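# Working through the structure, step by step
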Amino acid sequence: MLEHLFREEWGRVLASLVGFLGDIELAEDAAQEAFAIAAERWPRDGAPDNPTGWLIMTARNRAIDRIRRERTLAVKTEQLGRELREQPEETMGETATFPDERLELIFTCCHPALALDAQVGLTLRTLGGLSTEEIARAFLVPFETMSKRLTRAKHKIRDAGIPFAVPPDHLLPERLDAVLAVIYLIFNEGWGGDRVDLSAEAIRLSRSLVELMPDEAEAHALLALMLIGQARSAARFRGGELVLLDDQDRSLWDQRQIVEGRALLERAVALRGNGPYVVQAAIADLHLREPRDWEEIVLLYERLELITGSPVVTMNRAIAVAELEGLQAGLLLLEDLELDDYRYYHSTRADLLRRLGRDDEAGAAYGRALELTQPGPEQRFLEGRLADVRRGSARSS
Amino acid sequence: MRYALLIYDDIEIRDRTPLDERRRITEAVLGVLERPDVTGWLRLQDVETATTVRREKGRALLTDGPFVDSKDYLGGFVVVEAENLDGALAVADELQGLRPWGAIEVRPVREEPGVVA
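Note that the coordinates shown come from a computational prediction; the quantities given were computed from them, not determined experimentally.

In terms of helices and strands, chain B carries three helices and six strands. Going residue by residue from the N terminus, the α and β elements of chain B occur as β-α-α-β-β-β-β-α-β. Its C-alpha atoms put chain B at 45 × 40 × 20 Å along the principal axes. When burial is assessed residue by residue, chain B has 13% of its 117 residues classed as buried. A fraction of 77% describes how many contacts in chain B between residues 6 or more apart in sequence connect residues 24 or more apart.

Per the secondary structure count, chain A includes 19 helices and two strands. Over its C-alpha atoms, taken along the principal directions, chain A stretches across nearly 85 × 45 × 40 Å. A total of 397 residues make up chain A; the buried ones form 39% of that total. Partitioning the intrachain contacts of chain A with sequence separation of at least 6 by distance along the chain shows that 59% fall at a separation of at least 24.

A few words on the interface of chain B and chain A. With five residues of chain B at the interface, the matching set in chain A holds seven residues. Split into classes, the residues belonging to the side of chain B that touches chain A amount to three nonpolar, one polar and one charged.

The extent of an interface is frequently quoted as the accessible surface area lost upon association of the parts. All names here are of chain A. Split into domains, chain A comes out as domain 1 (2-87) and domain 2 (103-183). Listed by partner, the interface residues are 10 residues for domain 1 and nine residues for domain 2. Residue assignment for the side of domain 1 that touches domain 2 shows that the elements contributing at least two residues are α1 (2-21) and α2 (24-45). Among the elements that line the side of domain 1 that touches domain 2, the one with the most residues is α1, at seven residues. Split by residue class, the side of domain 1 that touches domain 2 holds five nonpolar, two polar and three charged.

All names here are of chain B. The predicted model of chain B averages 90 in pLDDT, with 97% of residues at 70 or higher. The weakest mean pLDDT in chain B belongs to helix α1 (residues 11-16) at 86; the strongest belongs to strand β6 (residues 103-108) at 96. Taken over the whole predicted complex, pTM reads 0.84, whereas the ipTM for its chain interfaces reads 0.79.

Residues and elements named next belong to chain A. Judged by nonpolar contacts, the single largest core of 114 residues is most densely connected at L17, A221, A224 and A281. No other element matches helix α11 (residues 217-230), which puts 10 residues into this core. Residue contributions to this core reach at least three from each of two domains, namely domain 1 (2-87) and domain 2 (103-183). Residues contacting A224, with those up to four places away along its chain left out, are G261, L264, L265, A268 and A281.

For the rest of this paragraph, the subject is the sheet that holds strand β1 (residues 2-10) of chain B. Residues and elements named next belong to chain B. One open sheet holds the four strands; their spatial order is β2-β5-β1-β6, and the pairing between them is antiparallel. Of all the strands in the sheet, just β2 (38-43) and β6 have a single pairing partner and so form its edges. On average, each strand axis in the sheet is tilted by 20° relative to the strand beside it, whichever way the strands run. As paired elements, β1 and β6 share six bridges and run antiparallel to each other. Looking across to β6, one finds that A4 is bridged to R107. The sheet strands contacting helix α3 (residues 85-98) are β1, β5 (72-81) and β6, and the helix crosses β6 at an angle near 160°.

Our focus in this paragraph is the confidence of the model for chain A. Scored by pLDDT, chain A comes out at a mean of 90, with 91% of its residues at no less than 70. The model gives residues 88-92 of chain A a pLDDT under 50, and that stretch makes three contacts with residues more than four places away or in other chains.

The next point concerns helix α3 (residues 51-69) of chain A. Here α3(A) spans 27 Å end to end across 19 residues, near enough to the 27 Å set by a 1.5 Å rise per residue. Where α3(A) is concerned, the buried positions are A:W54, A:L55, A:I56, A:M57, A:T58, A:A59, A:R60, A:A63 and A:I67.

Before going further, it helps to spend a moment on the environment of A:D293. On the secondary structure map, A:D293 appears in the loop between α13 (276-288) and α14 (294-308). Sequence spacing of A:D293 and A:E323 is 30 residues, and the spatial spacing of their C-alpha atoms is 10.0 Å.

Residue and element names in this part refer to chain B. Residue alternation in β1 divides its side chains into a buried set, Y3, L5, I7 and D9, and an unburied set, R2, A4, L6, Y8 and D10. Bridge count between β1 and β5: nine bridges; the pairing is antiparallel. The partner of Y8 across the bridge, within β5, is L74.

All names here are of chain A. Across its 20 residues, helix α19 (residues 377-396) extends 29 Å between first and last C-alpha, which sits within 8% of the 28 Å expected from 1.5 Å per residue. Here α19 has its buried residues at L382, R385, L386 and V389. All buried residues of α19 lie within an arc of 105° about the axis, which places them on one face of the element. In this structure, α19 carries G384, A387, R391, A394 and R395 as exposed residues pointing more than 90 degrees from its buried face. Against the buried residues of α19 lie α17 (343-355) and α18 (359-371).

Before going further, it helps to examine the packing of helix α2 (residues 19-33) of chain B against α3(B). Residues and elements named next belong to chain B. Running from N to C, α2 and α3 cross one another at 165°; their axes reach a closest spacing of 9 Å. Taken together, the axes of α2 and α3 lie roughly antiparallel to each other. Note on packing geometry: the crossing formed by α2 with α3 is right-handed. Mapping the contact onto sequence places I25, A28, V29 and V32 in α2 and E94, L95 and L98 in α3. Within the contact of α2 with α3, the residues separate by chemical class into six nonpolar, no polar and one charged.

Procedures and definitions
- Residues numbered from 1 in each chain as written.
- Chains lettered and ligands numbered in written order.
- Predicted model: local features only at pLDDT ≥ 70, side-chain atom pairs only at ≥ 80, totals over all residues.
- Helix = DSSP H or I, 4+ residues; strand = E, 2+ residues; numbered from the N terminus.
- Buried ≥ 20, exposed ≤ 12 C-beta atoms within 10 Å, placed from the backbone.
- Contact = placed C-beta atoms within 7 Å.
- Nonpolar A, V, L, I, M, F, W, Y, C, P; charged D, E, K, R; others polar.
- Domains from an automatic or database assignment.
- pLDDT = per-residue confidence, 0-100.
- Core = buried A, V, L, I, M, F, W, Y, C linked by C-beta atoms within 7 Å.
- Pairing = 2+ DSSP bridges.
- Axes fitted to C-alpha atoms, helices over the stretch in contact; angles between N-to-C directions.
- Expected span 1.5 Å × (residues − 1).
- Arc of directions from axis to C-beta.
- Parallel < 35°, antiparallel > 145°, perpendicular 65-115°, else oblique.
- Left-handed = near helix turned anticlockwise from the far one by under 90°.

As structure tokens, then:
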């Protein structure tokens, strides 16, 4: 129970300490100390009335003690001392309320001056409260690599003066896009993996963002998109094998998540949202309805193509066009897309070719998709399809 | 904080650009350099004038040319005073918007005294 509380509180406590200390490493050490003290005392003496306030206060005091001890940080002590003197003693009790500074911390961690993999790792560490060990395992990199990556990012934030602030209006749209991209990347990394539950982690982060930025349509839309995707997670596998959308047992879909996702999407539209996440969430929603409105889906993909210019979007439009206008029309759209390293491009082509009865070409495309796929359910699914088309081409020759 | 904006130029594009166009760009860049948040700047002579000094076996070893030999070269630097990285990036972006080539590297200035690399 305490562990659960700690995970919930970590981001709040850490953000407040980063705001106070101006350094993520110092803040992390202080927060860890405070949580350790709490873990020892609370079960014995009971939890304080305001656990967040207590944790922040205790961590602040620890940090100040520590800075005083370390003579090399004399300048910082003087600064902090000044700030502390400015703050009257009575507000320093454990009932003190501290402003929520998680939003500042998110924008710091997702600052585009940091490498994308560092943004992702740092966001999970500071706001998600995952350990470096857990993050390393989730991204299949050695602990040492992840640890160095995080340390380097924290030092760059400190030494290059990356701001701990919500960006001003003229920078906000672009910076918010970066934050949303990090969260969505975390979600997709967890999709289908059996490591740390990164999808759940992304949803948690996204919930905080919606809470902190209640007027941002794209923040609502991203959460909607992820919930609608996550709702089908129990139905995506049967006995460890991949099940395609049309074959899924709909009774396994999480209706609560679908309802919440749709409400969030409506809210995003009401906020006059028309960005890429609004469109993607609308498409995800249409895919769950029966019969599927392929015409509307094609239109939305066209809109998304205009916004993103991404060949992956064109590929997805081709799938919808194949349903609406015929397999041949879909296949034609796939030609010349520069997605040779993308496994879903080859598996999509393979599927259309297979359904057109062009088994030899389908076999080659499944082969290329398999070269790009890691062992697991997706690989077994593609191997099954490859075996089918090989039997087909053996019969026809 | 102070930031150094390292101005990188591209030899090939520079040589292709007509002289009056280059003069016009210089004028526009000088407009930015005269602002109060710019605390210092240096424009360097063309990279062909560079000499690199190394030391080998206790003696100076000189090579003709820049340390990093590529078609991109350091053309000068600008020092700006900004509240944080975003402030410095904004000035860099403004300068880069005036130039059709190259790129600008933004580096925070090390302010603590007594540490020599």
